[in-house]
Structures are given as structure tokens and as C-alpha cells.
Amino acid sequence: MNLRNELVDVLHHNLSGEFDKEIINRMIEKPKFENMGDLAFPCFELAKVLRKSPQSIALELSKQLQSPLFEKAEAINGYLNVFYNKDYVTTIVIQQILNQKGQYGCSNLGDHKVMTIDFSSPNIAKPFSMGHLRSTVIGNSLALIAEKVGYRPIRINHLGDWGTQFGKLMVAYKLWGNQELLTKQPIKQLLNLYVKFHEEAEKDCKLENLAREWFKKLEDGDQEAIHLWKWFRDESLKEFSRIYELLGIEFDSYCGEAFYNNKMDHVVQLLEEQKLIEQSEGAQVVKLEEDLPPCLIKKSDGTTLYATRDLAAALYRQETYQFAKSLYVVGNEQNLHFKQVFAVLEKMGYTWTEGMIHVPFGMMLKDGKKMSTRKGKVVLLEEVLYDAISLALEEIKKKNPALLLKDKVAREVGVGAVIFHDLKNFRKNDIDFSLEDMLKFEGETGPYVQYAHARASSLLRKGEYEEEHGAICIKDKEAWNIIIHLHSFPVVVQKSYQEYDPSQIAKYLINLSKSFNKYYSSVRILENDHLKQQRLTLVYTIKIVLNEGLRLLGIQTPNEM
Ligand code: ARG
């Protein structure tokens, strides 16, 4: 049931199908003042076509409007103002949520088709930075939302486990490394080596060449190079797994760049067969139309590139999963790269390229500036998560000293705060990293929404709520506001899917929590009268939707905090 769609249907019918449903839908407005109804339909454009006055059209429509969902309709100054039948709508919305529970808001836009989602994809031997957090939490949420609207998501971690940075690390390790230290604190030591390499390379240009040689050795299968690479990779993965566990995120595939090493010749061969590949200054490239620069496939020394691996990965994924859609959740700065990769695939004649979408996002800034691994200016995600958890624990101890399982709740709240801080922003905007902002338990934060959920749970416990289906009659003004919010959840989910934008769900949850808090402070929910059960039913549906909304963002919902 959707109130707006219902009005569209009725109007469509009453206008004898002369106007497209989509046009009607676009024309419907929300009146500025409450006494003008819940939805308004302006009749001025129809007047031109039907050669009648707007007011007479509105009047005619008002007489014909018949639906149990609408109480009345008035024709005012050329507008049809429609008023919901609040009791009926309330009952329908609540029944729907009680019947569907966590399924509320599900749809079948995806028709069970596969959607691969390439996200997180950190670089081996580098720390998991706050920058990668963005891809990780946005991608994870998009996978959950896609599933909700009927896709089968495949979560792929395209690890950056190949590339020239390994040459640099090997050189640095051989010159300044210490095996014992590296085994103890792998990522920290690898980062130090990486930073030291770049400092030294500024003074000594031979180092860059040496690094290239070592990477070439790796590509050629040199024993020592492979051994070091494996070691760096294993140690990094251990650290990444800890982070994914903290975040509660799992992947279906960890096939990273190295996985495609033996699949690239095939790509080059296909490109050659189609005569798409050209020599350019010793390198092999595919020239592209429009204003795109050529896509580099092989360097002059024969080593392959990031783009070549992405081409091989796309072919592999289509063959393995037959995806209908393929998302790449990767920062804005790779816009050109994905344009080039998609353009090459299109030139190769693959129609499935249509379903490939780069979902870019802005940067995580520190004091307004970009964070850079090279200079060691990174905020380490793992440290941030632990800081968040311990701050959450302090807060919980203050607020609710008797709470059992404090550590578990602190983990859910701390991690949830970090995730929410990221997802509440429209992904294309840059966001400033601020531990303080993330952890505010008031305002537009994860803990604020989690707290609303915990409050709902506690009301249900105290009121000894037992589920009961039946007509609902709640007359409070604050309750109606909540009903309208609850009603819009499925639409918000669909829009956040269509725009690949979890922030719409985050904002929705803030607003629902606000309405609920208002209700809580103005109505005595637990008052023992004949309406108590009905008020608690409303609270229960709020709990269901808050829980489901947070789940779609990848955030846990403690029942007490
Ligand atoms: N490892 C890359 C980076 O950190 C991101 C990889 C994104 N996925 C891809 N298929 N290119 O910049």
C-alpha cells in the first residue's frame, strides 16, 4: 500500500487514462499548510488540455475521489486537496509492519538477478586507512539495500595485492628491514618501510629504478620476490580480517589483483584479435573515442597495469556470476580509470557493459586536507574503532551502570557511530574526519538512533507488550507524524537503492527517531488505560523499522544501552 500511488491510480482512472501515471505522480504536491490536506493536485496544466477552468476540474475530481484511504477532497483555487482517512491509514500501515516484520520495505526490483559489488578493496602492505572505510561501509550498505530490493549481491574484495608498491617494499625491506620486528608488527613496519622508501627516493633516484626491477622480478616469478610478496600479503590479510570482523562485514570473494595475473594474456589476445590494441611509445594502448585518453594495457617493459587487471576481472565476473549489474564502490579520484575500463569493454562489444556502474565517493579529509599513505599521514581505522569503542564504554558506564554485557554494547555503539558518521553524508561529498563528531550521543549520530531503538525496546519490556493484530485507533497528533514516517520507509529504501545512496536511509532514521522522541516526551505511553496496548503496538512497529533501517546500514541494534 502506498498512499501517493493510490491517489495516482484513482486520478488516472478518473481522468479516463488520458494522462500518464508518471506525469500525474510528478504533479502531486505536499500542501504547505496542514489545513490544506495531506496531498494536493494542481489542475492548471490539465485546464489547458481539457479546455476547462482549473477550479471546475478540481471540483469534478473531488466528487469522484473514492478510496477508503481518503476521507475527503476539497477543490480550492484550482487545487484538489486530499485528506487521508487517518484511522484507516494508521491501521493499514501498522498491520502491514506487523505482518511483514523485517520484510517490511522489501521489493522485487532486482528480480533475483545478480549484482556484483566491488568494495573495500584495500591495498596489501598498506594500513587500512580511513579512506578505505568509506568504500567498505558504503559498499556493505549498498549490498544490503540491493538484497532488500530483490537482487542477489555478490560481495567482492578486489584486494590491491599486486603492483609497483611491492617493488618498493622489497627494496626497502632489503635495505632497512628487520625480520623480527616485521613479524611482530607487520603493518606498522611495512608502513614505516613504505614511508622511508619515499623519503629516501627523493634524495636518491636510483631507488625507483631498483623498485621497478624488483616488481619485474615478481611478475617473472622470482622465488625470493614471490616469497616476500606472500609474506607481506598474509600478514596484511590478518590485520584486515580483524577489521572486517569488528565491522561485521563478510565477502563472497577475495580475488584481488594478483588473481588475474594468469588471465591477462587472454584479454590482450582478445584485444589483438579485434585490432583494438596499438603501439604507442613502446607501450600498448587502446585508443578511445571522445575526450578519453588512451587506456594503457601494457607498459614498455612488458609489465601489466591496474586497468588490464580490471578488464580481466570484468570478463571473469561476467563469466562466473552472469551479473546484471556490477558496482564499483571506489573514490572520485578513479573516475577516469573506470570510464576508460568501461569504454574498452564497450569497444569489445560486450552488451553487459551497460550494467557496470562506478559508484564514486568523496574523500575523508583530516583538518581539511587529504590523507596520504606516502607521508605516513594516515589515521588508522583500527585505532579509530578501538577509540570509539572505549569512549562508548565510558558513556554507557555513566548512563547505565547496571547494564549487563557492557562490552558487547560498547562495541555495537562505538562501531555503529563510526559507520553512521560516514553514511549519513551524501557519498559524493568530502567529509572531515572527526572522532568527536562521530561519538556524540546527541544530534544526528548513530548512537542517537540506537538509543531511540533501545528506548522502544525498554517501553515494550516495561509495558509487557504482547503482539496483537486488530484495528488501531490513536488520535494523538504526534502519532500521526510517526505513521506517515513509517509509511514512507519502503519508498525511502527504493530511492536509496536507485541513487546508490544510503544517506537517505540514515536521514530517515534520524527523523523517525526524532518523531518518536517527541511522542515519548508528550504522551504517557505506559499509562494504564484502554489505549496502552495500541500505543505499545505503535512503539513496536517503530522498533521494527529502526532495527531494519540500521541493519541496512550495517549497524547493530542493542536492546539496552
Ligand atoms: N585497491 C584500489 C585502491 O585502493 C581500489 C580497487 C577498486 N576496485 C577495482 N576493481 N579497481 O585504490
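What counts, and where the lines are drawn
All residue numbers refer to positions counted from 1 along the written sequence of the respective chain. Where totals are concerned, whole chains, interfaces and linings use all residues; where local detail is concerned, this predicted model gives features only for residues with pLDDT of at least 70, and gives and counts side-chain atom pairs only at 80 or more. Only hydrogens and water are removed before side-chain values are computed, so all heavy atoms of the structure are retained for them. Secondary structure is summarised from DSSP: a helix means a run of H or I of at least four residues, a strand means a run of E of at least two, and numbering begins at the N terminus for each. Burial status follows relative accessibility: with a 1.4 Å probe on protein chains alone, a residue under 20% of its type maximum counts as buried, one over 50% as exposed, and anything between as partly exposed. When DSSP finds two or more bridges between two strands, those strands count as paired. Between N-to-C directions, angles span 0 to 180 degrees; the directions come from axes that are lines fitted to C-alpha atoms, helices contributing only their stretch in contact. Two residues qualify as a contact provided that any one of their heavy atoms is within 4.5 Å of a heavy atom in the partner residue. Angles below 35 degrees are treated as roughly parallel, those above 145 as roughly antiparallel, those between 65 and 115 as roughly perpendicular, and all remaining angles as oblique. By definition, any crossing whose near helix is turned counterclockwise from its far helix by less than a right angle is left-handed, and any crossing with a clockwise turn is right-handed. Gly falls in the polar group here, along with every residue not listed as nonpolar (Ala, Val, Leu, Ile, Met, Phe, Trp, Tyr, Cys, Pro) or charged (Asp, Glu, Lys, Arg). Only one rule defines a salt bridge in this text: a Lys or Arg side-chain nitrogen within 4 Å of an Asp or Glu carboxyl oxygen. Side-chain atoms within 4.5 Å are what join buried Ala, Val, Leu, Ile, Met, Phe, Trp, Tyr and Cys residues into a set we call a nonpolar core. Put simply, the grid is 1 Å and covers the protein atoms alone, a cavity is a trapped set of points that fit a 1.4 Å probe, a pocket is an open set with protein on both sides within 12 Å along at least five of seven lines, and lining residues have an atom within 4 Å of a point. Grid points are joined across faces, edges and corners, and a volume is the space filled by probe spheres set on the points. Throughout, near means a residue has at least one heavy atom within 4 Å of the molecule or strand. Identification of polar contacts relies on pairs of N or O atoms within 3.5 Å, with a donor-acceptor requirement for protein atoms, meaning one able to donate a hydrogen and the other able to accept it, and with residues adjacent in sequence counted only if both atoms are side-chain atoms. Method for areas: the Shrake-Rupley scheme with a 1.4 Å probe, in which residue coverage is limited to the protein chains shown.

Caption draft 1: Summary view of unusual backbone geometry. Here the phi dihedral of N77 falls at roughly 50°; this positive angle occurs in a residue that is not glycine. Its location among the elements puts N77 in the loop between β2 (70-76) and β3 (79-84). Taking the relative accessible area as the measure of exposure, N77 reaches 64% and is therefore exposed. Although it is not a glycine, Q322 sits at a positive phi angle of roughly 45°. Turning to its location among the elements, Q322 is positioned in the loop between α13 (306-321) and β9 (325-329). Judged by its relative accessible area of 53%, Q322 falls in the exposed class.

Caption draft 2: Structural context of the sheet that holds β2. Spatially, the three strands line up as an open sheet ordered β1-β3-β2, and their pairing is antiparallel. Only two strands of the sheet have a single neighbouring strand rather than two, namely β1 (39-42) and β2. Between one strand axis and the next, the sheet turns by 20° as a mean value, whatever way the strands run. Both β1 and β3 contribute to a ladder of four bridges, which runs antiparallel. Paired with F41 across the two strands is L80, which belongs to β3. Docked against the sheet, helix α4 (residues 54-64) engages β1, β2 and β3, running at close to 165° with respect to β2.

Caption draft 3: Seen up close, the packing of helix α15 (residues 381-399) against helix α16 (residues 406-423). The geometry of α15 relative to α16 is characterised by a closest axis approach of 7 Å and an angle of 125° between their N-to-C directions. Here α15 is positioned oblique relative to α16, judged by the angle of their axes. For the pair α15 and α16, the sense of crossing is right-handed. Contact residues: α15 offers V384, L385, A388, I389, A392, L393, I396 and K397, while α16 offers K406, D407, V409, A410, R411, V413, G414, V415 and V418. For the contact of α15 with α16, a count of residues per class yields twelve nonpolar, one polar and four charged.

Caption draft 4: Region of the structure containing the pattern of salt bridges. This model, assessed by the stated rule, comprises 27 salt bridges. Two residues, K408 and E412, come together in a salt bridge whose shortest N-O distance is 3.2 Å. Separated by four residues within a single helix, K408 and E412 lie in helix α16, roughly one turn from each other. R551 serves as the salt-bridge partner of E548, at 2.9 Å between the closest nitrogen and oxygen. With a gap of three residues between them, E548 and R551 both fall in helix α21 (residues 532-553), about one helical turn apart. With a relative accessible area of 5%, E548 lands in the buried category.

Caption draft 5: Representation of the sheet that holds strand β4 (residues 114-118) in the model. Spatial ordering of the open sheet is given by β5-β4-β9-β10, a layout of four strands whose pairing is parallel. Looking at which strands have only one partner, the edges of the open sheet turn out to be β5 (152-156) and β10 (356-359). Here the average twist between neighbouring strands, direction ignored, is 20°. Across the sheet, helix α6 (residues 130-148) is in contact with β4, β5, β9 and β10; its angle to β5 comes to roughly 160°.

Caption draft 6: Fine view of the environment of I474. Secondary-structure assignment places I474 in the loop between α18 (446-462) and α19 (477-498). Note on I474: relative accessible area 11%, which makes it buried. Considering only alpha carbons, one finds I474 and F489, 15 residues apart in sequence, at a separation of 20 Å. For I474, the residues in contact, after removing those within four places along its chain, are A479, Y519, Q534, R535 and L538.

Caption draft 7: Examining the nonpolar core more closely. In terms of nonpolar packing, the biggest core is built from 154 residues, with F41, M170, F232, L486 and L538 touching the most fellow members. Once you skip the residues sitting within four places of it in the chain, M170 turns out to touch W214, L218, A225, L228, W229 and F232. If you look at the next biggest cluster of nonpolar residues, it comprises 35 residues, including I154, L292, V330 and M348.

Caption draft 8: View of the layout of surface pockets. Within this model, the second largest pocket holds a volume of roughly 1,300 Å³. What lines the second largest pocket is a set of 41 residues, among which K30, D38, Y84, I484 and H485 lie closest to the centre. Where the lining of the second largest pocket is concerned, the elements lending two or more residues are α1 (3-14), β3, α5 (86-100), α19 and α20 (503-522). The element contributing the most residues to the lining of the second largest pocket is α19, with 13 residues.

Caption draft 9: Highlighting the site of the ligand. Within the structure, the ligand sits among D118, S121, N123, H132, H158, Y306, D310, Y328, V330, Q334 and F338. Interatomic distance of 2.7 Å between a side-chain N/O atom of N123 and a nitrogen atom of the ligand. For the ligand, the protein covers 89% of the area, taking 350 Å² as the surface of the free molecule. Each residue belonging to the shell around the ligand can be placed in one class, and the counts come to four nonpolar, five polar and two charged.

Caption draft 10: Here's a closer look at the side chain of R535. Residue placement: R535 occurs in helix α21. Apart from residues no more than four positions distant in its own chain, R535 is found in contact with I474, Y519, V523, R524, I525, L526, E527 and D529.

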